Amino acid sequence: IELCGPGHDGLTASSALIRETLGAVRIPVHAMVRPREGGFVYTPAEVAQMREEIAAAKTAGARGVVFGVLTPEGTFDVPVMRELI
């Protein structure tokens, strides 16, 4: 399952939602990590928030996370994605 929180196209799922879902299903749950609606070019503060959300998802028991980060030019922001991985 790719578990999303509220918002257009899904935002980060809360720790409570992750735990509740894990209690209800017996298949792997991967949590969406997306700090806001809109595009996928993030500020340093948003990347820091994503790091915290990834740690919280892991603590809550998610098998993994799902996210995407782009550069202003529209290509994958590989350095930031590596940092988050």
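Residues numbered from 1 in each chain as written. Predicted model: local features only at pLDDT ≥ 70, side-chain atom pairs only at ≥ 80, totals over all residues. Heavy atoms only, no water.

Undergrad: What am I meant to see in the overall build of the chain here?
TA: Assigned secondary structure in the chain consists of 3 helices and 3 strands. In sequence order, the chain lays out its α and β elements as β-α-β-α-β-α. In terms of overall dimensions, the chain is globule-like: its C-alpha atoms have a radius of gyration of 13 Å, near the 12 Å expected for 85 residues. Considered along the principal axes of its C-alpha atoms, the chain spans approximately 40 × 25 × 20 Å. Of the contacts formed within the chain by residues at least 6 apart in sequence, a portion of 53% connects residues at least 24 apart. For the chain, the centre of its 8 positive side-chain charges and the centre of its 10 negative side-chain charges are spaced 10 Å apart. (Helix = DSSP H or I, 4+ residues; strand = E, 2+ residues; numbered from the N terminus. Rg over C-alpha atoms; globule rule 2.2 N^0.38 Å. Contact = heavy atoms within 4.5 Å. Lys, Arg positive; Asp, Glu negative; His and termini not counted. Charge placed at Lys NZ, Arg CZ, Asp CG, Glu CD.)

Undergrad: What should I look at first to understand the sheet that holds strand 3 (residues 64-66) in this one?
TA: Strand-to-strand pairing in sheets goes through backbone hydrogen bonds, with the strands running parallel or antiparallel. Across the sheet, which stays open at both edges, the 3 strands sit in the order 1-2-3 with parallel pairing between neighbours. Strands at the two margins of the open sheet, each flanked by one partner only, are strand 1 (2-3) and strand 3. Bridge analysis of strand 1 against strand 2 (residues 30-32) gives 2 bridges, and the strand direction is parallel. Counterpart to Leu3 in the pairing with strand 2 is Ala31. (Pairing = 2+ DSSP bridges.)

Undergrad: What exactly am I supposed to notice about the environment of Arg34 here?
TA: Along the polypeptide, Arg34 turns up in the loop between strand 2 and helix 2 (44-60). Look past the residues within four positions of Arg34 in its chain and what remains in contact with it is His8, Asp9, Gly10, Leu11, Thr12, Phe40, Tyr42 and Glu53.

Undergrad: I'm lost on the pattern of salt bridges in this one. Help?
TA: Oppositely charged side chains may form a pair once their charged atoms are brought near each other. In this structure the tally under the stated criterion is 2 salt bridges. Ionic pairing is found between Arg51 and Glu83, a salt bridge with its closest N-O pair at 2.2 Å. Linking Arg51 in helix 2 with Glu83 in helix 3 (residues 78-84), this pair joins segments that are 32 residues apart in sequence. For Glu83, a relative accessible area of 43% gives the class partly exposed. (Salt bridge = Lys/Arg side-chain N within 4 Å of Asp/Glu carboxyl O. Buried < 20%, exposed > 50% of the residue type's maximum accessible area, 1.4 Å probe, protein only.)

Undergrad: Help me understand the side chain of Asp77, please; the structure alone is not making it clear to me.
TA: Within the fold, Asp77 resides in the loop between strand 3 and helix 3. Buried charged residue Asp77 carries no salt bridge. Nearest counter-charge: Arg82, at 9.1 Å. Discounting residues that sit within four places of it in the chain, Asp77 has contacts with Val69, Leu70 and Thr71.

Undergrad: Help me out: how do you make sense of the nonpolar core in this one?
TA: Taken as a class, soluble globular proteins show a tendency for nonpolar side chains to be buried jointly. Val33, Tyr42, Val47, Met50, Ile54, Val69, Val80, Met81 and Leu84 form the largest nonpolar core, which has 9 residues in total. Those elements giving two or more residues to this core turn out to be helix 2 and helix 3. Once residues within four sequence positions are removed from consideration, Val69 is found in contact with Phe40, Tyr42, Met50, Thr75, Phe76, Asp77, Val80, Met81 and Leu84. Grouped together as the second largest cluster of nonpolar side chains are 8 residues, Ala31, Ala57, Ala60 and Ala62 included. (Core = buried A, V, L, I, M, F, W, Y, C linked by side-chain atoms within 4.5 Å.)

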